[in-house]
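# Structure at a glance
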Amino acid sequence: MNIENQNFLDAERWAGRAFFADWQKTTAGVADVTDPSTGAVIASVGIGGPADIARAAAEARAAQKGWAKMLPTDRARILNKAADLLEQNGAELIPWIMRESGSIYPKAGIEIEHGALFIRHAANLATAPMGLMLPAMDARTNYAKRVPHGVVGVISPFNFPLVLSVRSIAAALAFGNAVVHKPDPRTPISGGIIIARIFEEAGLPKGVLQIVPGGADAGEAMCVDPNIAMISFTGSARGGSKVAEIAGKHFKKVQLELGGKNSLIVLDDADLDIAASNSAWGAFLHQGQICMATGLILAHEKIAEALTERLVTKASHLPAGDPSSGQVALGPIISDGQVKAIQEIVDEAVAKGATLLAGGTHDGRHYAATVLAGVKPGMRAFDEEIFGPVACIATFETDQEAIDLTNRSDYGLAAGIISANTSRALRLADELDVGMVHVNDQTVNGGPFAPFGGPRKSGNGTRIGGPADIEEFTTWKWISVKDAATLYPF
Ligand code: NAD
């Protein structure tokens, strides 16, 4: 795919720079951005360290009050314009997302489509009612209004870099917060430059959005910065735990959207062709590098063999390779280290008695669609998030056993249930200790209008999207009004 066409993105503007009040050089230097499939350098960006974060946070704080005082309709207009620009320039931007994050065309297209949906959802939030009249506690008027936190720090991962950045950024901006955003340094264009460009062209006042690509040191600097009031973090449980520890110590609100080991429960009354298709999509989309990926296929023992056969046939027909060829279903894994981590988990499962029925090998960064049957608790393939294209099949005898196998996970993000009997599936759904359950669908589902997130190592009780955004990106301010001040006893 061609990334030479740059009418909108305009690399001249941002090459070697980050987005402060304007495109500027950083103190921490410049880093190349590479295509994970080929290793080719596709761009360079400014990389931020703690000094750059301090600068961005101070500039954002200075710009925030003016932004919050703008009419909500004006904030909404700018957000909607940014969504329009994202869609209008999709044809130019999709190849960048494909090259930088190793995405096949449909996945890159989903990022544009959902990115615009999240921004439009945020635009609507800007004009939502923002408070409550409170019951009288004495002879005065009391009301409570929702107010922005101030500056929100957003930290995002490499896998769905555009959507997972913009869903926090747009919601924070809608309510009058300013934002300092740190995309993963491996995906600074999809997770940062594109977002800066659409808001720059949409007329967002200078300084309100600062985008500084950087590593963990930059992220940790955000967690201690006195000008930042809240951290919205999407990433691993390990990263999130560190962020919560540091930001908590510095009295910041923390929103954590973390990993998952998500069960797809296939009941014995399911249509097996459809169940196999759901299993393959949930386990293999974007090489399994999705927090909501189907990490465990729990198949009723009566249908497990027939389902497995169908899934193996599918896996063997899904080629892995360079997405830019337009000929593959699976793109590259983000790093060599991650390829090694996937291989270790697969090898350990086989050593402990699981059966490898497809894949289990890789050609460089391209890991083959893999099917492991006979996966059991105690194997890392059962217990851990793999973040690779590995379908792990385990069996159960009773519905209660499927519930128990799901609920024993350290994570609790999403689950899916495939059954011809919706009432039976809903009974199961009620018993699953996860944040999101999809009846008659696999586990990869998200969108702007639903509260997204889950318990245990999947998050810290916060949610993102839909009705959750007002809770997360604003706080309360109580105002009480007496007609005149009155005397106290002393
Ligand atoms: P990661 O935690 O290593 O990195 C995510 C982001 O956090 C990056 O920007 C990184 O630079 C930053 N970071 C890492 N350590 C940090 C620290 N100590 N302080 C501050 N910032 C730090 O995650 P990853 O492995 O790159 O991403 C994949 C993980 O993200 C998976 O576990 C996946 O399930 C999860 N994820 C969750 C969601 C969700 O919405 N729940 C969505 C996508 C991915």
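Since the structure is predicted, the reported quantities are computational estimates derived from the model, not experimental observations.

Looking only at helices and strands, the protein chain has 16 helices and 21 strands in total. For the protein chain, the C-alpha radius of gyration of 24 Å lies close to 23 Å, the compact-globule estimate for 490 residues. Expressed as lengths along the three principal axes of its C-alpha atoms, the size of the protein chain is roughly 80 × 60 × 40 Å. Classification of the 490 residues of the protein chain by burial places 58% in the buried group. Looking at the protein chain alone, contacts between residues at least 24 apart form 73% of all its contacts between residues at least 6 apart. For the protein chain, the exposed surface amounts to about 19,300 Å²; the carbon and sulfur share of it is 54%. Averaging the coordinates of the 43 positive side-chain charges in the protein chain and doing the same for the 53 negative ones gives two points 8 Å apart.

A few words on the UniProt feature "domain: Aldehyde dehydrogenase" (unreviewed entry) in the protein chain. In the numbering used here, UniProt assigns the feature "domain: Aldehyde dehydrogenase" (unreviewed entry) to residues 23-479. Helix makes up 42% of residues 23-479 and strand 20%, with an end-to-end C-alpha separation of 40 Å.

The environment of the ligand is formed by 28 residues, the closest being S156, R167, S236, L258 and E385. Here an oxygen atom of the ligand and a side-chain polar atom of R186 are 3.3 Å apart. Within the backbone of G235, one N or O atom sits 3.2 Å away from an oxygen atom of the ligand.

Relative to each other, helix α3 (residues 72-88) and helix α6 (residues 161-174) sit at 160°, their axes nearing to 10 Å. Taken together, the axes of α3 and α6 lie roughly antiparallel to each other. Handedness of the crossing formed by α3 with α6: right-handed. Seen from α3, the contacting residues are R75, L79 and L86; seen from α6, they are L162, A170, L173 and A174.

A word on a positive patch on the surface. A contiguous patch of positive charge on the surface is contributed by R61, K65, K69, K145 and K477. A per-element tally of the positive patch places helix α2 (residues 50-69) first, with three residues. Of note, R61 is situated in helix α2.

Turning to the packing of helix α8 (residues 216-224) against helix α9 (residues 237-249), a few remarks are in order. Put simply, α8 and α9 touch, their axes get as near as 8 Å, and they point 30° apart. Crossing angle aside, the handedness with which α8 passes α9 is right-handed. Contacts from E220, C223 and V224 in α8 reach K242, V243, I246 and A247 in α9. Per-class residue counts for the contact of α8 with α9 are five nonpolar, no polar and two charged.

The next subject is the sheet that holds strand β13 (residues 294-300). Pairing in this open sheet of seven strands is mixed, and the strands run β14-β17-β18-β13-β12-β19-β20 from one edge to the other. Bordering the open sheet on either side are β14 (355-358) and β20 (436-439), each of which pairs with just one other strand. Between one strand axis and the next, the sheet turns by 25° as a mean value, whatever way the strands run. In terms of strand pairing, strand β17 (residues 370-373) meets strand β18 (residues 390-396) through three bridges, oriented parallel.

Attention now moves to the packing of aromatic side chains. Taken as a whole and assessed by the stated rule, the structure comprises three aromatic pairs. With a centroid separation of 6.1 Å and an interplanar angle of 75°, the aromatic rings of W14 and W96 are classed as edge-to-face. Taken together, the positions of W14 in helix α1 (residues 11-14) and W96 in helix α4 (residues 90-101) put the pair 82 residues apart, joining distant regions of the chain. Of the residues examined, W14 reaches a relative accessible area of 1% and is grouped as buried.

Glancing now at the side chain of H181. The residue H181 is located in strand β8 (residues 178-182) in this model. With a relative accessible area of 0%, H181 lands in the buried category. From its side chain, H181 meets the backbone oxygen of G191 in a polar contact 2.7 Å long. Those residues within four positions of H181 in sequence are excluded, and the remaining contacts are V154, S156, S165, I169, G191, Q210, I211 and V212.

Looking now at a negative patch on the surface. A cluster of acidic residues, E301, E397, E401 and D404, forms a negative patch at the surface. Following the sequence through the fold, E397 ends up in the loop between β18 and α14 (399-407). On the basis of relative accessibility, which here comes to 51%, the residue E397 falls in the exposed class.

Let us look at the nonpolar core. Counting 98 residues, the largest nonpolar core has W14, L86, I119, L173, I189, F199 and I231 as its most contacted members. Here the element with the most residues in this core is α6; it accounts for 10 residues. The residue makeup of this core includes at least three contributed by each of domain 1 (11-258 + 459-477) and domain 2 (262-439). With sequence-adjacent residues up to four places away left out, L86 is seen in contact with L93, I112, G115, A116, I119, L162, I194 and I198. Residues I345, M379, A381 and A402 belong to the second largest nonpolar core, which totals 32 residues.

With phi around 60°, F251 is a residue other than glycine that occupies positive phi space. With respect to the helices and strands, F251 occurs in the loop between α9 and β11 (253-257). Even without a glycine there, the phi angle at R456 is positive, about 55°. In this structure, R456 sits in the loop between β20 and α16 (468-473).

Procedures and definitions
- Residues numbered from 1 in each chain as written.
- Predicted model: local features only at pLDDT ≥ 70, side-chain atom pairs only at ≥ 80, totals over all residues.
- Heavy atoms only, no water.
- Helix = DSSP H or I, 4+ residues; strand = E, 2+ residues; numbered from the N terminus.
- Rg over C-alpha atoms; globule rule 2.2 N^0.38 Å.
- Buried < 20%, exposed > 50% of the residue type's maximum accessible area, 1.4 Å probe, protein only.
- Contact = heavy atoms within 4.5 Å.
- Areas by Shrake-Rupley, 256 points an atom, 1.4 Å probe, with all protein chains shown as cover.
- Lys, Arg positive; Asp, Glu negative; His and termini not counted.
- Charge placed at Lys NZ, Arg CZ, Asp CG, Glu CD.
- UniProt positions renumbered as here; feature names shortened; annotations may be inferred.
- Near = heavy atom within 4 Å.
- Polar contact = N/O pair within 3.5 Å; in protein donor to acceptor, adjacent residues only side chain to side chain.
- Axes fitted to C-alpha atoms, helices over the stretch in contact; angles between N-to-C directions.
- Parallel < 35°, antiparallel > 145°, perpendicular 65-115°, else oblique.
- Left-handed = near helix turned anticlockwise from the far one by under 90°.
- Patch = residues over 30% accessible without salt bridge, like charges linked within 9 Å, V, L, I, M, F, W, Y side chains within 5 Å.
- Salt bridge = Lys/Arg side-chain N within 4 Å of Asp/Glu carboxyl O.
- Nonpolar A, V, L, I, M, F, W, Y, C, P; charged D, E, K, R; others polar.
- Pairing = 2+ DSSP bridges.
- Phe/Tyr/Trp six-rings, centres within 6.5 Å; stacked < 30°, edge-to-face > 60°.
- Core = buried A, V, L, I, M, F, W, Y, C linked by side-chain atoms within 4.5 Å.
- Domains from an automatic or database assignment.

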